Amino acid sequence: GAPGGEPLLPLPTSALIAVSSGLSVVVSAMVRAPLDMVKTQMQAASASGASGRSSSSAAVLRAAFAERGVPGLYRGAGLALARDVPFFSLNLVLYERLRLARRRQRASSRGATCSGEELPVYEAILIGGVSQGFAGFATNPIDVLKTRVQAGVAGSAS
């Protein structure tokens, strides 16, 4: 925290998790977006059997840069952020809330107010699966749109 014991960002825990998650996604997208675009372009070319499309990662990067410059490397990045920020934020917030609720439930069954011990691995995995499943379901429509844009099927919007 800041001097005097006050937190630097006086946000509720869930909001702090969501903001931190969102910022980390934006920073990592600087590297991941061009790689994701290359992967999607190569998969689309392979699936369609297109012979005129680039066959190597370097060739896809060169073609994207030649066509649109640096923005070409980030084709679909805006949609990836529109998918990833809510996905990771929902996932982490839901995971933390479910984990805390389960710890409280376990503690109350023993007559305590909250358990200091962590959950068994199988419960943490189950909670993680539920959280990821919900976040994936909620963000799937934007993921489909992002993939179509990156593959060149839905025009050139980003």
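What counts as what
Residues numbered from 1 in each chain as written. Predicted model: local features only at pLDDT ≥ 70, side-chain atom pairs only at ≥ 80, totals over all residues. Heavy atoms only, no water. Helix = DSSP H or I, 4+ residues; strand = E, 2+ residues; numbered from the N terminus. Buried < 20%, exposed > 50% of the residue type's maximum accessible area, 1.4 Å probe, protein only. Contact = heavy atoms within 4.5 Å. Areas by Shrake-Rupley, 256 points an atom, 1.4 Å probe, with all protein chains shown as cover. Expected span 1.5 Å × (residues − 1). Bend = angle between axes of the 7 residues up to and from the residue. Axes fitted to C-alpha atoms, helices over the stretch in contact; angles between N-to-C directions. Parallel < 35°, antiparallel > 145°, perpendicular 65-115°, else oblique. Left-handed = near helix turned anticlockwise from the far one by under 90°. Nonpolar A, V, L, I, M, F, W, Y, C, P; charged D, E, K, R; others polar. Phe/Tyr/Trp six-rings, centres within 6.5 Å; stacked < 30°, edge-to-face > 60°. Salt bridge = Lys/Arg side-chain N within 4 Å of Asp/Glu carboxyl O.

Trainee: What should I look at first to understand the overall build of the protein chain in this one?
Mentor: The helix and strand inventory of the protein chain stands at five helices and zero strands. When its helices and strands are written in sequence order, the protein chain yields α-α-α-α-α. Taken across its 158 residues, the protein chain has 30% of its residues classed as buried. Sequence separation of at least 24 residues holds for 65% of the intrachain contacts in the protein chain that already meet a minimum separation of 6. Carbon and sulfur atoms provide 65% of the accessible area of the protein chain, an area that totals close to 9600 Å².

Trainee: In this structure, what is going on with helix H5 (residues 121–151)? I would like to understand it.
Mentor: Each α-helix turn comprises 3.6 residues. Residues three or four places apart therefore point the same way. With 31 residues, H5 should reach 45 Å at 1.5 Å per residue; the first-to-last C-alpha distance of 39 Å falls well below that figure. Taken as a whole, H5 carries its principal kink of about 55 degrees at Asn140; the proline Pro141 stands between one and four residues after it. Restricting attention to buried positions, one finds in H5 the residues Glu123, Ile127, Gly128, Ser131, Ala135, Thr139, Lys146, Val149, Gln150 and Ala151. The secondary structure elements touched by the buried residues of H5 are helix H1 (13–48) and helix H4 (77–108).

Trainee: Would you take a moment to explain the packing of H4 against H5 for this structure?
Mentor: Their axes nearest at 8 Å, the elements H4 and H5 cross at an angle of 165 degrees. As far as their axial angle goes, H5 and H4 are roughly antiparallel. Read as a crossing pair, H4 and H5 show a hand that is right-handed. Considered class by class, the residues forming the contact of H4 with H5 number 18 nonpolar, six polar and seven charged.

Trainee: Is there a simple way to explain the side chain of Thr139 in this structure?
Mentor: Turning to its location among the elements, Thr139 is positioned in helix H5. Those residues in contact with Thr139 that lie beyond four places of it in its chain are Arg83, Pro86 and Phe87.

Trainee: Could you clarify how one ought to interpret the packing of aromatic side chains in this entry?
Mentor: Aromatic rings in a pair are described by how distant their centres are and how their planes are angled relative to each other. Enumeration over the complete set of coordinates arrives at one aromatic pair. Aromatic side chains Phe87 and Phe88 sit 5.0 Å apart centroid to centroid with 90 degrees between the ring planes, which places their arrangement in the edge-to-face category. Taking the relative accessible area as the measure of exposure, Phe87 reaches 15% and is therefore buried. Take Phe88: its relative accessible area is 29%, and that puts it in the partly exposed class.

Trainee: When you look at the pattern of salt bridges in this model, what are you seeing that I'm missing?
Mentor: A side chain with one charge may pair with a side chain of the opposite charge, provided their charged atoms come close. Evaluation of the coordinates by the stated rule reveals ten salt bridges. Here Asp84 makes a salt bridge to Arg83, at a shortest N to O gap of 2.5 Å. With relative accessibility at 6%, the residue Asp84 sits in the buried group. Of the residues examined, Arg83 reaches a relative accessible area of 16% and is grouped as buried. Between Glu123 and Arg102 there is a salt bridge whose closest N-O contact spans 2.9 Å.

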